[in-house]
Amino acid sequence: MAEQFTSLLNQLERDLPEGLVVDAAWLEERGIASNLRAYYVKAGWLEQPVRSVYKRPRGTLSWQQVVISLQTLLLRSPFYVGGRTALELQGFAHYLSQETKTIHIYGPEKPPTWLDKLKLPQRFVYHNSATLFRNDPTTKGLGSLAWSITDGTGRDLTRFQGDSLTSLVWGQWDWPLTLSQPERAYLEMLDELPRHESFHQADMIMQSAANFSPRRLRKLLVDCDSVKVKRLFFLFADRHRHAWLKRLDKDAIDLGKGKRMLVPGGRLDPVYLITVPEDLDAVS
């Protein structure tokens, strides 16, 4: 019994890196039952941030550690960081107002319920990744990236959906944080207009988007199922006329038919038939 106890504890120290979190099911799969988990917590070998969630007792928990845990250890459903959060992490924070308090995560299924119970300064907002793009990267196997905690290896994310996802190295252990490329993140942000994002900030991001990839944009816009998002994209793109705009074939992109009402009482853009704030021309 003592040998089994020692073996399980050694396995836990090997499989659960300091700073990451796992749930009860993850521990059960490794033979660590509820009574043993309770003993580990009492002995100080594990901490329990909230019920059914465990971590090794070192440092405070950050939202990045939680997301990386979902992406590398808890692979039941793949998640990635997108929208405004992904833009902030890739150098666009200067154009976005307010401190990062909302973490936008995308995946084909809802994240575990304990995510909302963690006492973090930020809150998580989940988006169904299958609703915006018909060829979502998660359907191509994002969950099978199989990042190895022990030897620090994983598949190249640029092979997924025309490299619309990428990863950032985060933390002292150089963990990979999977997130949307700026082009994808911008379209995800546009999907939140006008209720949760502003026209002004969308315009400011487009103003700074001189380095967007036309190849990546072309694939994303063809795959995008939202007429609203595609019309908004070209509305802002036409305002700033970056060099890559000439390389996008609008005829190959379905912009739908009919008018789209976004802002009651706004003005109708004559080209893309979408209502925008009356003072949009004053936004710069």
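Everything below is about the structure shown above.
Owing to the predicted nature of the structure, the values given are computational and were not obtained by experimental measurement. (Residues numbered from 1 in each chain as written. Predicted model: local features only at pLDDT ≥ 70, side-chain atom pairs only at ≥ 80, totals over all residues. Heavy atoms only, no water.)

**Q** Report on the packing of helix α6 (residues 182-190) against helix α8 (residues 214-223), specifying residues and quantitative values.
**A** The contact between α6 and α8 brings their axes to 9 Å, and the two run at 40°. Between α6 and α8 the crossing geometry is right-handed. Here E183, R184 and L187 of α6 lie close against α8, whose contacting residues are R216, L217, L220 and L221. For the contact of α6 with α8, the residue count by class is four nonpolar, no polar and three charged. (Axes fitted to C-alpha atoms, helices over the stretch in contact; angles between N-to-C directions. Helix = DSSP H or I, 4+ residues; strand = E, 2+ residues; numbered from the N terminus. Left-handed = near helix turned anticlockwise from the far one by under 90°. Contact = heavy atoms within 4.5 Å. Nonpolar A, V, L, I, M, F, W, Y, C, P; charged D, E, K, R; others polar.)

**Q** Just give me the short version of the pattern of salt bridges, but keep the residues and values in it.
**A** As enumerated under the stated definition, the model contains 16 salt bridges in all. Where R84 meets E88, a salt bridge forms, and the shortest distance between an N and an O atom there is 3.7 Å. Here R84 pairs with E88, and both are found in helix α5 (residues 83-92), just four residues apart, close to one helical turn. The same class applies to R84 as to E88, namely buried. K250 is the salt-bridge partner of D238, the closest N and O atoms lying 3.2 Å from each other. Linking D238 in helix α9 (residues 227-240) with K250 in the loop between α9 and β8 (267-268), this pair joins segments that are twelve residues apart in sequence. The class for K250 is partly exposed, based on a relative accessible area of 29%. Among the ionic contacts, a cluster of salt bridges with common partners joins R14, D15, E29 and R30. (Salt bridge = Lys/Arg side-chain N within 4 Å of Asp/Glu carboxyl O. Buried < 20%, exposed > 50% of the residue type's maximum accessible area, 1.4 Å probe, protein only.)

**Q** With reference to specific residues and values, describe the environment of L248.
**A** Relative to the helices and strands, L248 is located in the loop between α9 and β8. For the pair L248 and L221, spaced 27 residues apart in sequence, the C-alpha separation works out to 9.5 Å. Beyond its immediate stretch of four places on either side in the chain, L248 contacts P214, L217, R218, L221, F233 and F234.

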